[in-house]
Amino acid sequence: MKARATPAAHAGAVPARSRAVPRLGWSLQALGGTLGGQWERTRRDTLFLMGGVFLSVIPQFAFQPAWVSATFLLLFFWRFGLVMGGRGAPRTVVRLLAAVACAAGVYAQYHSLIGRDPGISLLVLFLGLKLLEMQARRDLFVVIFLCFFLLLTTFFHSQSMLVAAMVLTAVFALVTAMLTIQFAENAVAVGRRMRMTAKMLLQAAPLAVVLFFVFPRLSTPMWGAEGLAGAARTGLSETMSPGSIAELSQSDEVAFRVQFDTTPARRAMYWRGPVLDHFDGRAWSTSRVLPYPSVPASVEIAAGSPRHRYSVTLEPTGQRWLFALEAPVEIDPAWAARSAVDDAFTLMARDEIGQRIRYAMVSSTDYRLGADETASSLRNWLQLPAGTSPRTRALAARWRAEGLAPAALVDRALRMFAEQPFRYTLRPPLLDQDPVDGFLFDTRAGFCEHFASAFVVLMRALDIPARVVTGYQGGERNALDDYWIVRQSDAHAWTEVWIEGRGWLRVDPTGAVAPERIERGAPRNLGAIADGFDVGDESSFWHRVSLRIDGITHGWNQWVLSYDDQRQRGLFGALGVDFGDWRELAGLFASLSMLVIGGCALLTLHPRLPRDPVERAWSEFCDKLAACGIPREQHETAWQFHERSRRLLDDESSAQARRIVKLYNDLRYGGLDGGADVRHLRRSVARFRP
């Protein structure tokens, strides 16, 4: 008689009967198929569950300390070895000491056991420990539910499409493992279990879609500033020193993506970011305190000038800058109350950008900025530290003595950069204690921040108000999906000078030395080249593949991750639902849920035809006769039904019916099982026209 399964058997414990059996080794039967003995059945179930556990932890490896991942793998393969070797779980004291050691390690890493990161690390480690103590059926379900919770925490770190696919794969494996446990002693083929899991998940998918659109969205990232906003600080900052942007430009990481209604020329794509006013002799910074209390600079748009409408999908930065094409004239109403413009015409969010956001803008590249500035408002843009850059100041004094107008002095400085042997390079020589004098008169080689810094210092020495503007310039067009990718390698620094009657004018001294940087965009793969420009072979196969992958990612960001509380409010408003009334929200959710569940019921609960192809063909034959007014009685055999129906049919139809009934009886009761005979029956029924 077959031994009855015990709860412990489902966890990989070895029944007493099998302990007397010699080591079974590494049996392929453990992975599925026809199994010999309850011990093999138990081992297969445990390994199947461990596969789902491993898939659940894989997405966490990229976000956990290396020692946490290594410790989990040690615990996992410890249990794996015990299952394959037929040994029992370790003693309680061993598991207790391991748990204390894991908790101590997490505390040493984070100096706390409370919070997002220490909590997830503890969950990963304790999941590994739980594998070592599985003894009962209840433990299996505890492990599965821990895995579901761990998969949820994966989205605290990343919500990319790849992570979503990995989580969905793990969910599929875990649900299949649950079905495996429910089958108890019955050995069901792996393929059948997977089909059942797929069917269950497909039935649940419509309800998940309803929850996605209806469940209230959070206006701030989960776990607040401690979670995402405080952790991600990439891209530009409010300081600039020689080499800072050159280092940033080594990265191909995406800063933001832009989708235009009308696209400007690449050379006009200046994405304005932090504006720097204070110079200490080596580095630039802003002396203003956020939020800036000053009145925004006035901007005048030329009559009839083209306006560019576009949407920006900005990656999380941990900063407050909202990058916009110069010069922004309109912003998405949803962001109008959550952003502000300062006196340097910098667009800023009220809060740090801790998650991916999307906002719409309208900009014009033909504008006049700050034409009504006063001597008081310009004083801050003339600051220079005392005793610095003596050779630059001496050059400025000689130029001032010539009596040239400010605009002529600006042109002269640009000619100096263009005509003298200045060189654009990502690996400039080291500068001495005075980087401006060293760059202008000695090395004459540098990146965009060297040119911008030296130009502004020279202008201020000439008593011309000037400032450094940082941001991004250009971008890469993804022609496959018609949008632009702005990467960290597109980071750039340029300048603005104030000319009376004309306001603030953009002057890019880098363009005087390396015009290809402005025309063609930033070089790609900068770490592999010493100097010059190499935008890469945009027609290469791998480049097209990368753009296609980025296009898929962009679509995921637009349609899934960009569905925030503002877009949800807009959706509810279009449906006539008050977002602030929980009763209306509950009614909407209940209505949509009943509609979805009812639709699934109509598709899945209808009467099904027999799976047997012979019975399907016979049912179709009976339906055709019933349509002619000859329904089959329940007590009739096939031949009795034929004898009654042949008197009502013409000779040809009666002969066809006789052949069909004879073939059906032979297949059903005569022992025939050939595929050709089944196909012949189906063709005969299909041709039957009573």
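For the structure, see preceding data.
Parameters and conventions
Residues numbered from 1 in each chain as written. Predicted model: local features only at pLDDT ≥ 70, side-chain atom pairs only at ≥ 80, totals over all residues. Heavy atoms only, no water. Axes fitted to C-alpha atoms, helices over the stretch in contact; angles between N-to-C directions. Helix = DSSP H or I, 4+ residues; strand = E, 2+ residues; numbered from the N terminus. Parallel < 35°, antiparallel > 145°, perpendicular 65-115°, else oblique. Left-handed = near helix turned anticlockwise from the far one by under 90°. Contact = heavy atoms within 4.5 Å. Patch = residues over 30% accessible without salt bridge, like charges linked within 9 Å, V, L, I, M, F, W, Y side chains within 5 Å. Areas by Shrake-Rupley, 256 points an atom, 1.4 Å probe, with all protein chains shown as cover. Salt bridge = Lys/Arg side-chain N within 4 Å of Asp/Glu carboxyl O. Buried < 20%, exposed > 50% of the residue type's maximum accessible area, 1.4 Å probe, protein only. Pairing = 2+ DSSP bridges. Core = buried A, V, L, I, M, F, W, Y, C linked by side-chain atoms within 4.5 Å. Nonpolar A, V, L, I, M, F, W, Y, C, P; charged D, E, K, R; others polar. Polar contact = N/O pair within 3.5 Å; in protein donor to acceptor, adjacent residues only side chain to side chain.

1. As for the packing of helix 3 (residues 66–85) against helix 5 (residues 116–132)
Link 1 in the chain: As a packed pair, helix 3 and helix 5 sit with axes 8 Å apart at the nearest point and diverge in direction by 10°. Classified by the interaxial angle, the pair formed by helix 3 and helix 5 is roughly parallel. Between helix 3 and helix 5 lies a crossing of left-handed hand. Contacts between helix 3 and helix 5 involve Trp67, Val68, Thr71, Phe72, Leu75, Phe76, Trp78, Arg79 and Leu82 from the first element and Ser121, Val124, Leu125, Leu127, Gly128, Leu129, Leu131 and Leu132 from the second.

2. Section: a nonpolar patch on the surface
Link 1 in the chain: Taken together, Leu207, Leu211, Phe215, Phe589 and Ile597 make up a surface patch of nonpolar side chains, about 440 Å² in accessible area.
Link 2 in the chain: If you list the elements that add at least two residues to the nonpolar patch, you get helix 8 (190–214) and helix 21 (582–604).
Link 3 in the chain: Structurally, Leu207 can be placed in helix 8.
Link 4 in the chain: Given the relative accessible area of 30%, Leu207 is considered partly exposed.

3. Some points on the sheet that holds strand 17 (residues 476–478)
Link 1 in the chain: The strand order across the open sheet formed by 6 strands is 9-12-7-2-18-17, and the pairing between neighbours is antiparallel. The sheet terminates laterally at strand 9 (328–331) and strand 17, the two strands that pair on one side only. Going across the sheet, the axis of each strand differs from the next one's by a mean of 30°, ignoring polarity.
Link 2 in the chain: By the bridge criterion, 7 bridges tie strand 7 (residues 308–314) to strand 12 (residues 357–363) in an arrangement that is antiparallel. Bridge pairing in strand 12 places Leu314 opposite Ile357.

4. Concerning the nonpolar core
Generally speaking, a soluble globular protein has its nonpolar side chains buried in company with each other.
Link 1 in the chain: Judged by nonpolar contacts, the single largest core of 42 residues is most densely connected at Leu49, Val53, Phe72, Val124, Leu127, Val143 and Leu150.
Link 2 in the chain: Secondary-structure elements contributing two or more residues to this core are helix 2 (38–57), helix 3, helix 4 (92–110), helix 5, helix 6 (137–157) and helix 7 (161–182).
Link 3 in the chain: Once you skip the residues sitting within four places of it in the chain, Val53 turns out to touch Phe72, Leu127, Leu131, Val143, Cys147 and Leu174.
Link 4 in the chain: If you look at the next biggest cluster of nonpolar residues, it comprises 39 residues, including Val457, Ala461, Leu462 and Val468.

5. Description of the packing of helix 22 (residues 613–627) against helix 24 (residues 651–669)
Link 1 in the chain: Viewed as axis vectors pointing N to C, helix 22 and helix 24 meet at an angle of 155°, and their least axial separation amounts to 11 Å. Our classification of the angle between helix 22 and helix 24 gives roughly antiparallel. Relative to helix 24, helix 22 is oriented so that their crossing is left-handed. Of helix 24, the residues touching helix 22 (which contributes Val614, Glu615, Trp618 and Phe621) are Ala657, Ile660, Val661, Tyr664, Leu667 and Arg668.
Link 2 in the chain: Along the lines of polarity and charge, the residues of the contact of helix 22 with helix 24 split into 8 nonpolar, no polar and 2 charged.

6. Overview of the side chain of Thr180
Link 1 in the chain: Along the chain, Thr180 falls in helix 7.
Link 2 in the chain: Assessed through its relative accessible area of 2%, Thr180 is described here as buried.
Link 3 in the chain: Within polar-contact distance, the side chain of Thr180 engages the backbone oxygen of Thr176 at 2.9 Å.

7. Overview of the pattern of salt bridges
Two side chains with opposite charge may pair up if their charged atoms get near one another.
Link 1 in the chain: A full pass over the atoms with the stated rule returns 22 salt bridges.
Link 2 in the chain: Put simply, Asp442 and Arg391 hold a salt bridge, and the shortest N to O gap is 3.0 Å. Pair noted here: Asp442 is in helix 15 (residues 435–443) and Arg391 is in helix 13 (residues 390–401), with a separation of 51 residues, a long-range link.
Link 3 in the chain: Arg391 gets classed as partly exposed once you look at its relative accessible area, which sits at 36%.
Link 4 in the chain: Across the salt bridge formed by Glu643 and Arg646, the nearest N and O atoms sit 2.8 Å from each other. One end of the pair is Glu643 and the other is Arg646, both in helix 23 (residues 638–646) and 3 residues apart, which spans about a single turn.
Link 5 in the chain: Using a relative accessible area of 32% as the deciding quantity, one classes Glu643 as partly exposed.
Link 6 in the chain: Judged by its relative accessible area of 38%, Arg646 is partly exposed.

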